[in-house]
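Geometric and topological summary
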Amino acid sequence: MALSEEECSTAKASSSSPSSSSATASSQGVNYLAKCVLRGSVVLQVAYGHIRYPSSFDIVFGKETSIELVIIGEDGITTSVCEQTVFGTIKDLAILPWSEKFCAPNPQMRGKDLLIVISDSGKLSFLAFCNEMHRFFPVAHVQLSDPGNSRLQLGRMLAVDSTGCFIATSAYEDRLALFSLSVSAGDDIIDKRIFYPPENEGGGSSTRSSQRTIILGTIWSMCFVSKDSVQTNKEHNPVLAIVLNRKGNALNELVLLGWNIMEHAVYVLSQYLEAGPLAHSIVEVPHSCGYAFLFRVGDALLMDLRDPQNPRCVYRTSLDFSAHTPEEHLGFEVCTAHDFDDDGLFNVAACALLQLSDYDPMCIDGDSSTGKSTCKHVCSFSWEPRSDRCPRMIFCLDTGEFFMIEISFDSDVPKVNISDCLYRSQPCKSILWVDGGFLAAIVEMGDGMVLRVENERLLYTSPIQNIAPILDMSIVDYHGEKRDQMFACCGVAPEGSLRIIRNGISVEKLLRTLPIYQGISGTWTVRMEVTNPYHSFLVLSFVEETRVLSVGLSFTDVTDSVGFQPDVCTLACGLVGDGQLVQIHRNAIRLCLPTKAAHSEGIPLSSPVCTTWSPDNANISLGAVGQNLIVVSTSNPYFLFILGVRSLSAYNYEIYELQQLRLQYELSCISIPQKHFEMRHLSSVLNPVDVTSKAVLPVGIAMDTTFVIGTHRPSVEILSVTPQGLRVLATGTISLTNTMETTISGCIPQDVRLVLVDQFYILSGLRNGMLLRFEWPSALATSSSELDRHGSSSPFPGRAESYLLNTVTASLFGSETCAGNMSEQDDLPITLQLIATRRIGITPVFLVPLSDSLDADIIALSDRPWLLHTARHSLSYTSISFQPSTHATPVCSVECPKGILFVAENSLHLVEMVHSKRLNVQKFHLGGTPRMVLYHGESKLLIVMRTELSNDTCSSDICCVDPLSGSVMTSFKLELGETGKCMELVRAGNEQVLVVGTSLSPGPAVMPSGEAESTKGRLIVLCIEHVQNSDSGSMTFSSMAGSSSQRNSPFRETVGHATEQLSTSSICSSPDDTSCDGIKLEETEAWQLRLAYTTTWPGMVLAICPYLDRYFLASAGNAFYVCTFPSDNPQRVRRFAIARTRFMITSLTAHFTRIAVGDCRDGILFYSYNEDTKKLEQAYCDPSQRLVADCVLTDVDTAVVSDRKGSIAVLSCSDRLEDNASPERNLTLTCAYYMGEIAMSIRKGSFIYKLPADDILNSAECLNASVDPSHSAIMASTLLGSIMIFVPISREEHELLEAVQARLIVHPLTAPVLGNHHNEYRSRENLVGVPKMLDGDMLAQFLELTSMQQEAVLSFPIVSPDTHKLSSKPPSPIPVNKVVQLLERVHYALN
């Protein structure tokens, strides 16, 4: 969304570059780390193919600065598989389908499609998805042009031949290039290439000069025209159809180009220009061998291009289906363009489709009806996948209507059938018809949707959230939680909405109990039978008590019917066999057969049947239950008991001892993997390969007799029960050191889990808050043929693969001492490889799998809950948007198949983690376009300014919104034709009032020169008043009556449901809503907005801000005023001082006495106000021209400013005194960062978790502990829907991370995936020599690597000329631990 280089060239040319910028910046000591905490949600391109596996159906979303891989499940819900920052700007992308004709550079790529991307790097990039690293990697780059966004550079649009043999790319104007793919297995994926015109290529002079001007003009659309499929590749000279607008012509023409590969020349085969509407798109009909649709404004033409030298129209239909029936047209008609009646229509259509026009960024409320055509046109379309005989297309018109076209080729003349309107919504930018009968519809400035294609109809299934554009935001710790949340104005009319954005994975709160559950020591859910899909019982263990609850609509106490001993603390429990539940407590193991009173599958007796087993002269300290296996241990002495269960008679079972042995070390945890593999809910779509049956088991692993232990040695060990004895299969010793090379204490395993995703590995949570991952050494050094076939290795060739596969060369541990005296073989035990370590808190880490499957994701409980992604490389985890919890267990029932029970603050919380939600965002639809949002603390209401309302009495208003329900409580309507522009809460004595600025004039606020237009505006003062005893504003939450068993449940029957007056977004959908407690909430107090003062000013009032607690600042045109309320009376406003700038003022902000003014040309200006003389004086000025979007002062000397070219910069005062300094260009540009996205709103604040672990994490050795964004961080929201945070760090931390970043940007595993030069990209639109902020997204990749890969990155040689200072002398070694600890703190704070 940033402007092109050409549009910015004027400003850049006139900007000077102070030579002292860099030196001054370093002396100032201001350093920032920039991190994207929420990637953009606007989808600009879509593609569909077999990306992860030959059998997977994957969707790729191109989001300008990132790529997202998603799938649509059988339930029609879009689930994100991965999202990756590309460190560049995507211009177009497409799928290169796999073809048997071509040899893949790597066997792992066989059968998998490639992703082709063109970007501002100037390269054509071929990407493959690596399942092990869980991200895209480049296979090859082809240089097209210089980096940048010039209209004349190749790389604006892509077209791929349906057979995957040819690729075409074009510039906006005049130029294109054609490529053929190599059939050999060499490194070069491109066989032949040709550029048109041939001046771009030295060997292209054979093309006739008379034809070089044939395609001069703007290329609107292009596609390949397929030939007969029986032709071989060598016989096939590709034909490319393009829609071309020649300069000066009102109509577009269809041009067919042919590439003669043997002659290495491109020829114009024919041209087709028909009088009539404006043509804008050409799309090939699949499997038709020469047919294509030419879409025009108002109609669509089916073109027969089988003879490319004689194109003809064989079918024509109007797109106004209500007024005109389709008719066939078999004639051949080519004529010159006639006089086009509506030049305005052409100009508007050209600007809209190509986005080439200059625009006024201040005209946010322009007249949208100018040049609007009444003719309909196709804005998006998609073909049915794998429809060979009768291709079907669904297309969307600019009116939001969906239709289907079916083409039949049974006769010589194609037959076209057009359906009635299938669905009506907002116009869609892109639609994608995918397997399974779903249609993904993407709306540019609102939520998209997934539609089900069913019986010639489209049925709404689920939303595809899109919060772009974010026009304003307010950061508030609304509920008094330990983290902030953001209220954001998102979307435009009619899809405008208010969004509550939180960090982490979203959860939906379902039930919560009263805080009466003190002393819970454990929670488990148990099935009645091994193959049951749902849990039957919930077991709660207390210090001296155990309760068993039935799982269902109500949680009823069935302890007596199950048979568990109620007066003991349960250490572990589980299902040992169908209908056989086991309870392990300190004194004994108890086997129980529940009755039918507890479960319908129970025994038909009046009381449960129980039997026990106890160790001799010892107490049980730990235990675990698996299928047909029970493992317990004792302490002092250290014994391990392996037990089984056998049947003696009906309902009579015995627990017997299989093995017993004495241990050298006390055990700290035991885990038994389940024998029954139930793949997790999303496995079929996220990981279609059945890894549990295909993956090769390590030596000795047998799932029915294997378990994992953690010891006080400390170590983790894998053991297997055999007839010959207990064997140690593998052991991993835990010996961790800090940056001072001293041993880290508390490394005792608290929990351990065996995981199987493509390969086996061990996860262990330690008592000191650390998380470890162990793997078998051979898992990385070599790969079996079975794993190779399923893509566990890297799918890309060349140097990156060697780094991925060869980073583990030797064992980390020399000792192979076992935990017990057990039988051994010569090749056992294997020493496990410690792959990665992470600190996620300071309290012990508990691991809770979401299901019994070995590939299930795992909840890691420490200071706060995290979700571990088991399918990821190394250790990857994301915070869960829930409060710190001591225990958790999955709860799967018919009513709640994905439930999780958390224990927090002595209450039980039943929640559902919404994996399908791609964003942790709650939506309140408001209508219109929400422009600004403020939080009023006294009323606890949000104040929202709306424009573009569909209201007869007003088009703009100020409304108060309840943040719980989204209900509009009250509103103040502006005058008809008046548009709200800005507002701010200002103090008038002891009262807080709302000051509003408006525009009374239609049209733009600023001239193209940057000067203010001659307009008028209004300054309005509104009082926010409390209204007593208003029934209309109350909200009552009720609880449904339940049965006696429900009333005995520890849970409320329901959280509560709002009365009908509330919006459809219920209170309980809020992920962090602490008011959802199932009781009647306090009635909401009523508030109203009362007009106190209004006056008309000469100019649009675009900016307002409070100043020194007794004044406020307001701008009108290019002037701003210091105003106050005389005698603290909000009914009067007095202007004390005025100052004028040269250009239109766009922002005002103040910090103590400092005033920062931003305009649309001179950038940031610092002013001071003299209260004695009542005069404003300019003290400092921006050193470069800047079109300011927003600004915030971090202190009296430092401003952080965003501009409308995609950059953010930090400006500060010099050390000189203001009295002696000239106010011309005397601000210092301390550091800058090119985001590639326009940030319209920046604020102080962060998504910070304030927990006890912060003290420990911030006191890491040799670090300055300055990563505390809660006080000085800056957050920015962009038009693409991204949320960025800028964190100040110390100089020492900056130097350390800068050295790491210098290696990451060139290392094959972490370099920009689209081939961008990272330093050049992040320096765009900024003066030469200005220091850059650190790229937190680049640095975050370091944590995704294994320990060996991290070592390889830090030892990687730097040869980039931009970093020659780092490599001028032998660099000092960078300690991995120090880097990991610092990045962990950033990840912990921001994730």
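The rules behind the values
Residues numbered from 1 in each chain as written. Predicted model: local features only at pLDDT ≥ 70, side-chain atom pairs only at ≥ 80, totals over all residues. Heavy atoms only, no water. Pairing = 2+ DSSP bridges. Helix = DSSP H or I, 4+ residues; strand = E, 2+ residues; numbered from the N terminus. Axes fitted to C-alpha atoms, helices over the stretch in contact; angles between N-to-C directions. pLDDT = per-residue confidence, 0-100. Contact = heavy atoms within 4.5 Å. Phe/Tyr/Trp six-rings, centres within 6.5 Å; stacked < 30°, edge-to-face > 60°. Buried < 20%, exposed > 50% of the residue type's maximum accessible area, 1.4 Å probe, protein only. Lys NZ or Arg CZ within 6 Å of the ring centre and 35° of its normal. Expected span 1.5 Å × (residues − 1).

**Notes on the sheet that holds strand S70 (residues 1017-1027)**
Taking strand neighbours across the sheet as the criterion, the four strands line up as S68-S69-S70-S71 in an open arrangement whose pairing is antiparallel. Looking at the sheet topology across the chains shown, the edges are occupied by strand S68 (979-988) and strand S71 (1086-1097). Across the sheet, the mean angle from the axis of one strand to that of its neighbour is 25 degrees, orientation sign disregarded. In the sheet, S70 pairs with S71 via 11 bridges, with the strands oriented antiparallel. Its bridge partner lying in S71, Leu-1019 is registered against Thr-1095.

**Topic: the sheet that holds strand S84 (residues 1239-1244)**
Pairing is mixed across the open sheet formed by five strands, whose spatial order is S84-S85-S86-S1-S87. Strand pairing shows two members of the sheet lacking a second neighbour, S84 and strand S87 (1334-1335), which therefore form its edges. Note: strand S85 (residues 1274-1278) against strand S86 (residues 1283-1289), four bridges, orientation antiparallel. Considered in S86, the bridge of Met-1275 is made with Ile-1285.

**Things to note about the confidence of the model for the protein chain**
Per-chain confidence: the protein chain averages 80 in pLDDT, with 77% of residues scoring 70 or above. Every residue in residues 676-694 is under pLDDT 50, and counting partners more than four places away or in other chains gives 48 contacts.

**Description of the packing of aromatic side chains**
With the rule as written, the count across this model stands at 28 aromatic pairs. Ring plane angle 75 degrees and centroid distance 5.2 Å describe the contact between Phe-129 and Phe-136, whose orientation is recorded as edge-to-face. There is no split in this pair, since Phe-129 and Phe-136 are both buried. Through a chain of ring-to-ring contacts, the aromatic side chains of Phe-293, Phe-295, Phe-381 and Trp-383 assemble into a single cluster. Between the NZ or CZ atom of Arg-1135 and the centre of the ring of Tyr-1121, over which it lies, the distance is 4.6 Å. The cationic tip of Lys-1174 hangs over the ring face of Phe-1136; the distance from NZ or CZ to the ring centre is 5.2 Å.

**Side note on the pairing of strand S62 (residues 907-913)**
For S62, a buried count of six out of seven residues is recorded, marking the element as mostly surrounded by other parts of the structure. Sheet topology places strand S35 (residues 507-512) next to S62; five bridges connect them, and they run antiparallel. Looking at S62, one finds that Leu-511 is bridged to Leu-910. In this structure, the hairpin formed by strand S61 (residues 899-904) and S62 is closed by a connection of two residues, where Glu-905 is found at a positive phi of approximately 50 degrees.

**Points about helix H13 (residues 1291-1304)**
In this model, H13 (14 residues) spans 20 Å end to end at C-alpha, consistent with the 20 Å of a helix rising 1.5 Å per residue. In terms of residue burial, H13 counts as a mostly covered element, since 10 of its 14 residues are buried. Within the sequence span of H13, burial applies to Glu-1293, His-1294, Leu-1296, Leu-1297, Ala-1299, Val-1300, Gln-1301, Ala-1302, Arg-1303 and Leu-1304.

**Overview of the environment of Arg-424**
Tracing the chain through its elements places Arg-424 in strand S27 (residues 423-424). Sequence separation of Arg-424 and Gly-400 is 24 residues, and the distance between their C-alpha atoms is 5.3 Å. Setting aside anything within four residues of it in sequence, one finds Arg-424 in contact with Gly-400 and Glu-401.

**Examining the pairing of strand S40 (residues 580-585)**
By the criterion of burial, S40 is predominantly enclosed, with six of the six residues buried. In S40, alternate side chains face the same way, and those of Gln-580, Val-582 and Ile-584 on one face and Leu-581, Gln-583 and His-585 on the other are all buried. Relative to S40, strand S39 (residues 570-577) runs antiparallel, the two being bridged by six bridges. Counted as the bridge partner of Thr-570 is His-585 from S40.

**Topic: the environment of Leu-114**
Mapped onto the elements of the fold, Leu-114 is located in strand S7 (residues 114-119). On the basis of relative accessible area, Leu-114 is assigned to the buried category, the value being 8%. On a C-alpha basis, the gap between Leu-114 and Ala-94 in space is 8.6 Å, while along the polypeptide they are 20 residues apart. Beyond its immediate stretch of four places on either side in the chain, Leu-114 contacts Ala-94, Ile-95, Leu-96, Met-109, Phe-126, Leu-127, Ala-128, Val-139 and Ile-189.

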